[in-house]
Amino acid sequence: MGTKAKNALKKKLKKVSRLAVSKKKNVAADFLPLEGGPGQKLPDEKPVEDNTTVLYIGRIPHGFYEKEMEGFFSQFGPVKRIRIARNKKTGKSKHFGFIEFEHPQTAKVVAECMQDYLLFEHVIKVHLVPPEHVHPNLWKGFNHRYKPVDWVQLERKRQNKERTLEEYKKLVGKIMKRDQKRRKKIEAAGIDYECPEIVGSTQPAPKKIKFDED
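Residues numbered from 1 in each chain as written. Predicted model: local features only at pLDDT ≥ 70, side-chain atom pairs only at ≥ 80, totals over all residues. Heavy atoms only, no water.

Q: What am I meant to see in the sheet that holds strand β2 (residues 79–86) here?
A: Neighbouring strands of a sheet are bound in pairs by backbone hydrogen bonds; such pairs are parallel or else antiparallel. With antiparallel pairing, the five strands of this open sheet are ordered in space as β2-β3-β1-β5-β4. Edge positions in the sheet fall to β2 and β4 (117–119), since each of these pairs with one other strand and no more. Strand-to-strand twist across the sheet, computed as the mean angle between neighbouring axes with direction ignored, equals 30 degrees. Sheet topology note: the strand β1 (residues 54–58)/strand β3 (residues 93–101) ladder contains five bridges and is antiparallel. Residue Tyr56 lies in a different strand from β3, and its bridge partner there is Phe98. Against the sheet, helix α2 (residues 66–73) makes contact with β1, β2, β3 and β4, and its axis sits at roughly 145 degrees relative to β2, the strand it touches most. Strands in contact with helix α3 (residues 104–114) are β1, β3, β4 and β5 (122–129); relative to β5, the strand with the most contacts, it is inclined by about 150 degrees. (Pairing = 2+ DSSP bridges. Helix = DSSP H or I, 4+ residues; strand = E, 2+ residues; numbered from the N terminus. Axes fitted to C-alpha atoms, helices over the stretch in contact; angles between N-to-C directions. Contact = heavy atoms within 4.5 Å.)

Q: Mind showing me how you'd approach the side chain of Ser93 here?
A: As for its position among the elements, Ser93 is in strand β3. The buried category is assigned to Ser93, whose relative accessible area is 13%. If we skip the residues at most four places from it in the chain, Ser93 touches Tyr65, Ile84, Ala85 and Arg86. (Buried < 20%, exposed > 50% of the residue type's maximum accessible area, 1.4 Å probe, protein only.)

Q: Help me understand the nonpolar core in this model?
A: The nonpolar side chains of soluble globular proteins are, as a tendency, buried together. By size, the foremost hydrophobic cluster in this structure holds 18 residues, and its most contacted members are Leu55, Ile57, Met69, Phe73, Ile99, Phe101 and Val126. At four residues, the largest contribution of residues to this core is made by α3. Residues in contact with Phe73, not counting those within four places in the same chain, are Ile57, Phe64, Val79, Ile99, Phe101, Val110 and Met114. Of all hydrophobic cores here, the second largest spans five residues; its members include Val54, Phe98, Val129 and Leu138. (Core = buried A, V, L, I, M, F, W, Y, C linked by side-chain atoms within 4.5 Å.)

Q: Looking at this structure, I do not really get the pairing of β3. What am I missing?
A: Within a regular beta strand, the side chains point alternately toward one face of the sheet and then the other, so they alternate between its two faces. Both β2 and β3 contribute to a ladder of six bridges, which runs antiparallel. Bridge assignment links Val79 to a residue of β3, and that residue is Phe101. The hairpin formed by β2 and β3 contains six residues between the paired strands, and Gly91 there has a positive phi angle of roughly 80 degrees.

Q: I would appreciate a short explanation of a nonpolar patch on the surface in the present structure.
A: On the surface, Val149, Trp151 and Leu154 cluster together to form a nonpolar patch covering roughly 280 Å² of accessible area. Locating Leu154 in the fold gives a position in helix α4 (residues 151–160). (Patch = residues over 30% accessible without salt bridge, like charges linked within 9 Å, V, L, I, M, F, W, Y side chains within 5 Å. Areas by Shrake-Rupley, 256 points an atom, 1.4 Å probe, with all protein chains shown as cover. Salt bridge = Lys/Arg side-chain N within 4 Å of Asp/Glu carboxyl O.)

Q: Any chance you could explain the packing of aromatic side chains here in plain terms?
A: What characterises a pair of aromatic rings is the spacing of the ring centres plus the angle enclosed by the ring planes. Tallied over the entire structure, the rule returns eight aromatic pairs. Where Phe64 meets Phe72, the ring centres are 5.9 Å apart and the plane angle is 80 degrees; that geometry is what we call edge-to-face. Taking relative accessible area as the criterion, Phe64 reaches 7% and is therefore assigned buried. Summarising the aromatic geometry, the rings of Phe72 and Phe73 are spaced 5.2 Å apart at their centres and angled 90 degrees between planes, so their arrangement reads as edge-to-face. Following the ring pairs from residue to residue traces out a cluster consisting of Phe64, Phe72, Phe73, Phe76, Tyr117 and Phe120. The aromatic ring of Tyr65 is capped on one face by Arg86, whose charged end is 5.0 Å from the ring centroid. (Phe/Tyr/Trp six-rings, centres within 6.5 Å; stacked < 30°, edge-to-face > 60°. Lys NZ or Arg CZ within 6 Å of the ring centre and 35° of its normal.)

Q: Can you walk me through the environment of Asn87 in this structure?
A: As for its position among the elements, Asn87 is in the loop between β2 and β3. The partly exposed category is assigned to Asn87, whose relative accessible area is 32%. Counting along the chain gives 61 residues from Asn87 to Pro148, while the straight-line C-alpha distance between them is 9.7 Å.

Q: Please explain the pattern of salt bridges as it appears in this structure.
A: Pairing between side chains of opposite charge can happen when their charged atoms approach one another. Tallied over the full model, the rule gives six salt bridges. Across the pair Lys125 and Asp116 runs a salt bridge, and its minimum N-O distance is 2.5 Å. On the accessibility criterion, Lys125 (30% relative accessible area) is partly exposed. For Glu155, the salt bridge is made with Arg158, and the minimal N-O distance between the two is 2.6 Å. Of this pair, Glu155 and Arg158 both sit in helix α4, separated by three residues, roughly a single helical turn. Using a relative accessible area of 44% as the deciding quantity, one classes Arg158 as partly exposed. It is possible to trace a salt-bridge network through shared partners that takes in Asp179, Arg182 and Arg183.

Here is the structure:
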């Protein structure tokens, strides 16, 4: 092979290598700049690890509270914390709450299995709550067992407390005002009815004490 043929073969090999490199660049490029030029490839990003361990549970049936929930959901895996939203005055459940598992895989399995699950005639709703959406005060006082207030006992104490003479007169005055309004309504309706007197509305006059003179 002569020198001319060798030079021509080298030129062809160079062209082929350039074309191959340019094709590789075009294939590997994720986008091309607007002003032209060679394509650029985005850096490889590692997949974000799913570390969601908190679940929202809605439509919780009556009687299915913290103790029952812990016993039921512990079959999937270890439960870390449970909180049910309750009324501050009565302590009754608002029928929704949150549960946290120790492992994200367990929370994912529970969300897939328990969504739209029929429990005590309630179709419960279960959703994963991402860590960035978890409120900082969500688990504040989660282990507090609310003791309902005995409003009947409090009202009994309020009604039976000892009153001063001024407080008693004020109370009787309010009762008498309500009684007068009721009498006027009955008269306006054309009903002939004599309302009985309220016990305690009139106080007997104090008796005078006479001392015998020696």
